[in-house]
Amino acid sequence: MAVTLPEVVEELLSDMMAAVRENARIPDEHLLSLKFLFGSSAMQALDLVDRKSITLISSPSGRRVYQVLGSSGKTYTCLMSCHYCSCPAFAFSVLRKNESLLCKHLLAVYLSQITGTCQQLSISDKQLTNMLLTEEEQDQKGTE
Amino acid sequence: MAELLRRMLNAGCAGGPAEENAVDAGPPLMLLGGLGSGKTALLFAAALEVAGEGRGPVLFLARRPLQSLPFRSGAALDPLRLQKIHFQYPPSTRKLFRFLCSAHEARGPAPALLLLDCLEEYLTECHQPQEAAHLAALLLDTAAHFSHRAGPRGGCGLMVALQTQDEADSGDTLQLALLQRYFPSCCWLQPIASDPGQRHLRACLELGGPDPQTVWSVTLGPDGSMTVTLLSTEMGNPSSDKATSSGVGQSL
């Protein structure tokens, strides 16, 4: 299912959150579980978190979207309400092959929430519309 | 939204209308069926139901205006309810995307229900699976935003209708699997033999996961009224002629 995380992942994330609150770091055992559940995306996601690549973008309307600066320098938009990412890995591994649950960007968003390392940016309602639309235009370009 | 449909269709049965989580519309729901299987009628029935709840308005998105109201009696004639249903007709997928991406700019009370008819027409303009997923995700995200705006005592349900072909090709199957990722709760509609002037449908609700299927028989009368009978809550293949003891006709 795309819209909710499996229980095992929810549990791990919530355990990680509790541990970080106590010790300000993610315990090794949680990192191992993360690798087990997400494979190579786990380390890549942690790397994105370390580089502070995740930004929570919100507007006065209260609508929010996440942007992740990928390792290639491209920015991807993530809808966390239902798990969607504009990156090619999401389209391939998650949607097409159903191999992965989340791409590294979506996972990075969750991890940045846990570690409290998410940047924040406030923009106007109109700017948020344009940001969401740009992703759609990129979809269109991909078909040309 | 699946809960809303279940509640609406169960309204005549033992469950009764008073439920504590009346405001919780439940997960988003996808109606599936061929031409004339009653999808638009059900969307409209959901619109009337929510419009009468005293919460926010209903947003009904479709490719083109309804030729005629699916119902012509009871709640369908209540002008106060009809006033609360706001119709929009995005003429292209691009316009639909624009509408959803800018939904947070709108002022006024947050909608309590978001409906989309003719999803298949919008999907024909999505040439890549990622675009179809993006559209589904934006629909969910927009409903989530409306829910957030409505606050703790409100929520926005989401229901979409997708016309299916009798002979699905592999592309259709892939696209459906993708949509079910975002809409795990599905209601399959099938017309069954009708008398002149009356339409009989079979509605099979699958909430996704281990929950059993629920099957109803729905009859749309010549005056547009809707009668609903619960047939079965068995898992697997329900027998279509078996009515449970709580099956009661409900006129809407």
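What counts, and at which threshold
Residues numbered from 1 in each chain as written. Chains lettered and ligands numbered in written order. Predicted model: local features only at pLDDT ≥ 70, side-chain atom pairs only at ≥ 80, totals over all residues. Heavy atoms only, no water. Helix = DSSP H or I, 4+ residues; strand = E, 2+ residues; numbered from the N terminus. Buried < 20%, exposed > 50% of the residue type's maximum accessible area, 1.4 Å probe, protein only. Contact = heavy atoms within 4.5 Å. Phe/Tyr/Trp six-rings, centres within 6.5 Å; stacked < 30°, edge-to-face > 60°. Lys NZ or Arg CZ within 6 Å of the ring centre and 35° of its normal. Core = buried A, V, L, I, M, F, W, Y, C linked by side-chain atoms within 4.5 Å. Axes fitted to C-alpha atoms, helices over the stretch in contact; angles between N-to-C directions. Parallel < 35°, antiparallel > 145°, perpendicular 65-115°, else oblique. Nonpolar A, V, L, I, M, F, W, Y, C, P; charged D, E, K, R; others polar. Pairing = 2+ DSSP bridges. pLDDT = per-residue confidence, 0-100. Buried area = accessible area lost by both parts, 1.4 Å probe. Salt bridge = Lys/Arg side-chain N within 4 Å of Asp/Glu carboxyl O.

1. A word on the overall build of chain B
- Secondary structure summary: chain B contains seven helices and nine strands in total.
- Counting only residues that meet the buried cut, chain B has 49% of its 252 residues in that class.
- Contacts in chain B between residues far apart in sequence, at least 24 positions, make up 67% of those at least 6 positions apart.

2. Points about the packing of aromatic side chains
- Under the definition given, this model contains three aromatic pairs over all chains.
- A centroid spacing of 5.5 Å and a plane angle of 75° characterise the contact between A:Tyr84 and A:Phe90, whose relative ring orientation is edge-to-face.
- Overall, A:Tyr84 belongs to the buried group, its relative accessible area being 2%.
- A relative accessible area of 1% places A:Phe90 in the buried class.
- Ring centres of B:Phe60 and B:Phe87 lie 5.1 Å apart, and the angle between their planes is 35°; on these two criteria the pair is classed as tilted. Residue B:Phe60 is found in strand β2 (residues 58–61), and its partner B:Phe87 is found in strand β3 (residues 85–88); the two are separated by 27 residues along the sequence.
- A cation sits over an aromatic face here: B:Arg63 above B:Tyr122, 4.8 Å from the ring centre.

3. Quick word on the nonpolar core
- Core analysis: the largest hydrophobic core is formed by 80 residues, its most contacted members being A:Leu34, A:Phe90, A:Leu111, B:Met30, B:Leu135, B:Tyr182 and B:Phe183.
- Top contributing element to this core by residue count: helix α6 (residues 129–150) of chain B, with 10 residues.
- Beyond its immediate stretch of four places on either side in the chain, A:Leu111 contacts A:Leu13, A:Met16, A:Leu34, A:Ala45, A:Leu46 and A:Val49.
- Membership of the second largest hydrophobic core comes to 34 residues, among which are B:Leu31, B:Ala51, B:Leu115 and B:Leu189.

4. Focus: the packing of helix α4 (residues 88–96) of chain A against α6(B)
- Contact geometry for α4(A) and α6(B): axes closest at 10 Å, N-to-C directions at 80°. Relative to α6(B), the element α4(A) lies roughly perpendicular. Contacts between α4(A) and α6(B) involve A:Phe90, A:Ala91, A:Leu95 and A:Arg96 from the former and B:Pro129, B:Gln130 and B:Ala133 from the latter.
- Per-class residue counts for the contact of α4(A) with α6(B) are five nonpolar, one polar and one charged.

5. Comments concerning the sheet that holds strand β2 (residues 64–69) of chain A
All names here are of chain A.
- Taken in spatial order, the five strands line up as β4-β3-β2-β1-β5 in an open sheet, and their pairing is mixed. Taken across any chain shown, the strands that pair with only one partner, and hence form the sheet edges, are β4 (84–85) and β5 (119–122).
- Sheet topology places strand β3 (residues 75–79) next to β4; two bridges connect them, and they run antiparallel. Counted as the bridge partner of Leu79 is Tyr84 from β4.

6. Topic: the side chain of A:His105
All names here are of chain A.
- You can see His105 is positioned in helix α5 (residues 104–115).
- A residue is classified by how much of its surface remains accessible, and His105, at 3% relative accessible area, is buried.
- Excluding its chain neighbours within four sequence positions, the residues that come into contact with His105 are Leu48, Val68, Gly70, Tyr76, Cys78, Cys85 and Cys87.

7. Side note on the confidence of the model for chain A
- Taken as a whole, chain A shows an average pLDDT of 89; of its residues, 92% reach a score of 70 or greater.
- The secondary-structure element of chain A with the lowest mean pLDDT is helix α6 (residues 125–142) of chain A, recorded at 79, while strand β1 (residues 54–58) of chain A shows the highest, at 97.

8. Here we look at the interface of chain B and chain A
- Facing 31 residues of chain B, the contacting portion of chain A comprises 34 residues.
- Between chain B and chain A the total buried area reaches about 2900 Å² when both faces are included, carbon and sulfur atoms providing 56% of it.
- Three residues, B:His104, B:Gln130 and B:Arg181, lead the burial of chain B against chain A; their summed loss comes to 25% of the area buried on that side.
- Where chain B touches chain A, the interface holds three salt bridges.

9. Describing the packing of α4(A) against helix α7 (residues 170–182) of chain B
- Following both chains from N to C, one finds α4(A) and α7(B) inclined at 95°, their axes separated by 11 Å at the closest point. Taken together, the axis directions place α4(A) and α7(B) in an arrangement best described as roughly perpendicular. Contacts between α4(A) and α7(B) involve A:Phe90, A:Val94 and A:Leu95 from the first element and B:Leu178, B:Arg181 and B:Tyr182 from the second.
- Here the residues of the contact of α4(A) with α7(B) are counted per class, giving five nonpolar, no polar and one charged.

10. Side note on the environment of A:Ala108
- Looking at where A:Ala108 falls in the secondary structure, it is placed in helix α5.
- Aside from chain neighbours lying at most four places away, what touches A:Ala108 is A:Ala45, A:Leu48, A:Val49 and A:Ile54.

11. Description of the pairing of strand β7 (residues 199–206) of chain B
All names here are of chain B.
- The element β7 is largely enclosed, with a buried count of six among its eight residues.
- As paired elements, strand β6 (residues 185–192) and β7 share seven bridges and run antiparallel to each other. Each bridged residue has a counterpart across the sheet, and for Pro191 the counterpart in β7 is Leu201.

12. Some thoughts on the sheet that holds β6(B)
All names here are of chain B.
- Reading across from one edge, β3-β2-β4-β5-β1-β6-β7-β8-β9 is the order of the nine strands in this open sheet, with mixed pairing throughout. Edge positions in the open sheet fall to β3 and β9 (226–232), since each of these has one partner strand only. Each strand axis lies, on average, 20° off the axis of its neighbour in the sheet, ignoring direction.
- Here helix α2 (residues 39–51) sits on the sheet and contacts β1 (29–33), β2, β3, β4 (113–116), β5 (157–163), β6, β8 (214–220) and β9; the angle it forms with β5, its principal contact strand, is near 165°.
- Against the sheet, helix α4 (residues 93–101) contacts β2, β3 and β4, and its axis sits at roughly 165° relative to β2.

13. Quick word on the pairing of β1(B)
Residue and element names in this part refer to chain B.
- The element β1 is extensively covered by neighbouring structure, given that five of its five residues are classed as buried.
- Where burial is concerned, the two faces of β1 agree: the one with Leu29, Leu31 and Gly33 and the one with Met30 and Leu32 are both buried.
- Judged from the five bridges that link them, β1 and β5 form a sheet pairing that is parallel. Residue Gly33 lies in a different strand from β5, and its bridge partner there is Gln163.

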